[in-house]
Amino acid sequence: MRCPPFPAVPVPALCPTLRGLPSFGFLFDIDGVLVRGRTPIPAARAAFRKLVNPQGQFLVPVVFVTNAGDCLRQKKAEQLSHLLGISQDQVMMSHSPLRMFKRYHEKCVLVSGQGPLLDIAQDLGFCQPITIDTLREKRPLLDAVDHDRRPNVLVSEIFVPNLSVSVVLFGEPVRWETSLQLIIDVLLTSGYPGNPYGQESYPHLPVLACNMDLMWVAEAQSPRFGHGTFMVCLENIYKKITGKDLKYEALMGKPSRLTYQYAEHLIRAQALQRSWEQPIQTLYAVGDNVMTDVYGANLYNRYLQETAARCSSVLVCTGVYDPHSEVALPSRDSIAQNVFHGHRDFSFDPALVEPDHIVPDVDAAVDLVFQLENFAPH
């Protein structure tokens, strides 16, 4: 898995503490921390009142890091405007790091997910995206699971040479059976769906995937299937057919290191823009999912150990993690003996699922961090 270079952002040299200036930043998850579905979590309003000055400017660098990938970041910023006026530059979607994968931007890519996929892909820099729905229109005979959608008569299919040179998975689609079938067709024919499957199609075309969440929290009482569940289906179907593992060119979204590197880049860019001279030494990642937010923050902290910076995980109890449920915070032994909900390509390490702090909600998280940092904003 190769990571592209990040744009250069000057990192200030270490200097004595500058009173009233932040030496830390927040990485806030959205679903389960700020909102449940479309409903704001009450504690979020109280937290944000502590994070801005009377002019509405943030007192510390803040980035909203969501694994959602079904909309443009501008749209996500607008959705949060009922809590606080924020800039789209503060919002990081699971697909945001794709801006750096410029070697694919001029090539044809098959995109999977839901929402305004073409707009999302083009906003990220892709010039020739094609959706699953478009592929189905050009190759209607490929989609055969739903008998009611199969052509009643033999139709002429449109020949599209070398349809795709890569596959980008933005998020869970609506019709899983259609997306699974057509993605497999593209991978097993090296971009010529409709042709017979070929043994020479391995290694397969590059696959870039965003959002590995197995489950996520909405208005329902229990977590719902996420894109990680769709990826499990795709990986197992591919292996069952070929006997080989599906390979990813890149995995984005929490808990990948690439996502936290990009988020840190945005935090430091904010500090630079505000002329805050105090070096950013600590990132506080506030989330509700042990397997995503806690695992990712702790994994990135391990990566930062050779630097002056660190990443601290803060778990809230308003989303996927519920301290009052029969299933409590998983222990090292319980996860090792039962089930690991992380992605296949992330090995389980018991230490990575232990949060540095557990708090009731995001308001308590802000209070805790201000106390830990002895931060008294003017």
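Scroll up to find the structure.
Below you will find a few notes about this structure. (Residues numbered from 1 in each chain as written. Predicted model: local features only at pLDDT ≥ 70, side-chain atom pairs only at ≥ 80, totals over all residues. Heavy atoms only, no water.)

**Examining the overall build of the chain**
A tally of regular secondary structure across the chain gives 10 helices and 15 strands. Classification of the 378 residues of the chain by burial places 52% in the buried group. For the chain, the share of sequence-separated contacts (at least 6 apart) that also reach a separation of at least 24 residues comes to 74%. When the accessible surface of the chain is totalled, it reaches about 17,600 Å², and 51% of it is carbon and sulfur. (Helix = DSSP H or I, 4+ residues; strand = E, 2+ residues; numbered from the N terminus. Buried < 20%, exposed > 50% of the residue type's maximum accessible area, 1.4 Å probe, protein only. Contact = heavy atoms within 4.5 Å. Areas by Shrake-Rupley, 256 points an atom, 1.4 Å probe, with all protein chains shown as cover.)

**Considerations on the sheet that holds strand β6 (residues 108-112)**
Sheet strands associate in pairs through backbone hydrogen bonding, adopting either a parallel or an antiparallel arrangement. If you trace the 5 strands from one edge of the open sheet to the other, you get β7-β6-β8-β9-β12, paired in parallel fashion. The open sheet has two edge strands with one neighbour each: β7 (128-131) and β12 (250-252). Averaged over all neighbouring strand pairs, the angle between strand axes comes to 20°, with direction disregarded. Two elements, β6 and β7, share 4 bridges in a ladder whose sense is parallel. Its bridge partner lying in β7, V111 is registered against T131. (Pairing = 2+ DSSP bridges. Axes fitted to C-alpha atoms, helices over the stretch in contact; angles between N-to-C directions.)

**A word on the sheet that holds strand β15 (residues 357-359)**
Spatial ordering of the open sheet is given by β5-β4-β1-β13-β14-β15, a layout of 6 strands whose pairing is parallel. Of all the strands in the sheet, the pair left with one neighbour each is β5 (91-92) and β15. In the sheet, strand β4 (residues 62-65) pairs with β5 via 2 bridges, with the strands oriented parallel. Bridging across to β5, F64 finds its partner in V91. Relative to the sheet, helix α10 (residues 362-372) contacts β1 (24-28), β13 (282-287), β14 (310-316) and β15, its axis offset from that of β1 by approximately 165°.

**Digging into the packing of aromatic side chains**
Any aromatic ring pair is given by two values, namely how distant the centres are and how the planes are angled relative to each other. Tallied over the entire structure, the rule returns 17 aromatic pairs. Plain terms: the ring middles of F24 and F375 are 5.3 Å apart, the flat faces sit at 90° to each other, and that makes the pair edge-to-face. Residue F24 is found in strand β1, and its partner F375 is found in the segment after α10; the two are separated by 351 residues along the sequence. This pair shows no difference in class: F24 is buried, exactly as F375 is. Plain terms: the ring middles of F26 and F28 are 4.9 Å apart, the flat faces sit at 10° to each other, and that makes the pair stacked. As far as burial versus exposure is concerned, F26 and F28 are alike and both buried. What links up through ring pairs into an aromatic cluster is the set F24, F26, F28, F48, F64, Y284, F370 and F375. (Phe/Tyr/Trp six-rings, centres within 6.5 Å; stacked < 30°, edge-to-face > 60°.)

**Section: helix α5 (residues 176-188)**
Over its 13 residues, α5 runs 18 Å from end to end, which matches the ideal 18 Å to within 8%, given 1.5 Å per residue. Among the residues of α5, T178, S179, L180, L182, I183, I184, D185, V186, L187 and L188 are the ones counted as buried. Structurally, α5 contributes buried residues whose contacts are with β6, α4 (132-138), β8 (166-169), β9 (207-210) and α6 (227-242). Once α5 ends, the next one or two residues include S190, with phi positive near 55°. (Expected span 1.5 Å × (residues − 1).)

**Considering the packing of α5 against α6**
Put simply, α5 and α6 touch, their axes get as near as 11 Å, and they point 45° apart. What the angle tells us is that α5 and α6 run oblique. For the pair α5 and α6, the sense of crossing is right-handed. Seen from α5, the contacting residues are W176, S179, L180, I183, I184, L187 and L188; seen from α6, they are T229, F230, C233, L234, I237, Y238, I241 and T242. The class makeup of the residues in the contact of α5 with α6 is 12 nonpolar, 3 polar and no charged. (Parallel < 35°, antiparallel > 145°, perpendicular 65-115°, else oblique. Left-handed = near helix turned anticlockwise from the far one by under 90°. Nonpolar A, V, L, I, M, F, W, Y, C, P; charged D, E, K, R; others polar.)

**Notes on the pattern of salt bridges**
For the coordinates displayed, the defined rule picks out 15 salt bridges. When the shortest N-O distance is used, the salt bridge between D143 and R149 registers 2.8 Å. What makes R149 partly exposed here is its relative accessible area of 27%. Linking D146 and R175 is a salt bridge whose minimum nitrogen-to-oxygen distance equals 3.3 Å. Separated by 29 residues along the polypeptide, D146 in the loop between α4 and β8 and R175 in the loop between β8 and α5 bring together distant segments of the chain. Judged by its relative accessible area of 22%, D146 is partly exposed. The class for R175 is partly exposed, based on a relative accessible area of 34%. Linked through salt bridges whose partners overlap, the residues forming this network are D29, K254 and D293. (Salt bridge = Lys/Arg side-chain N within 4 Å of Asp/Glu carboxyl O.)

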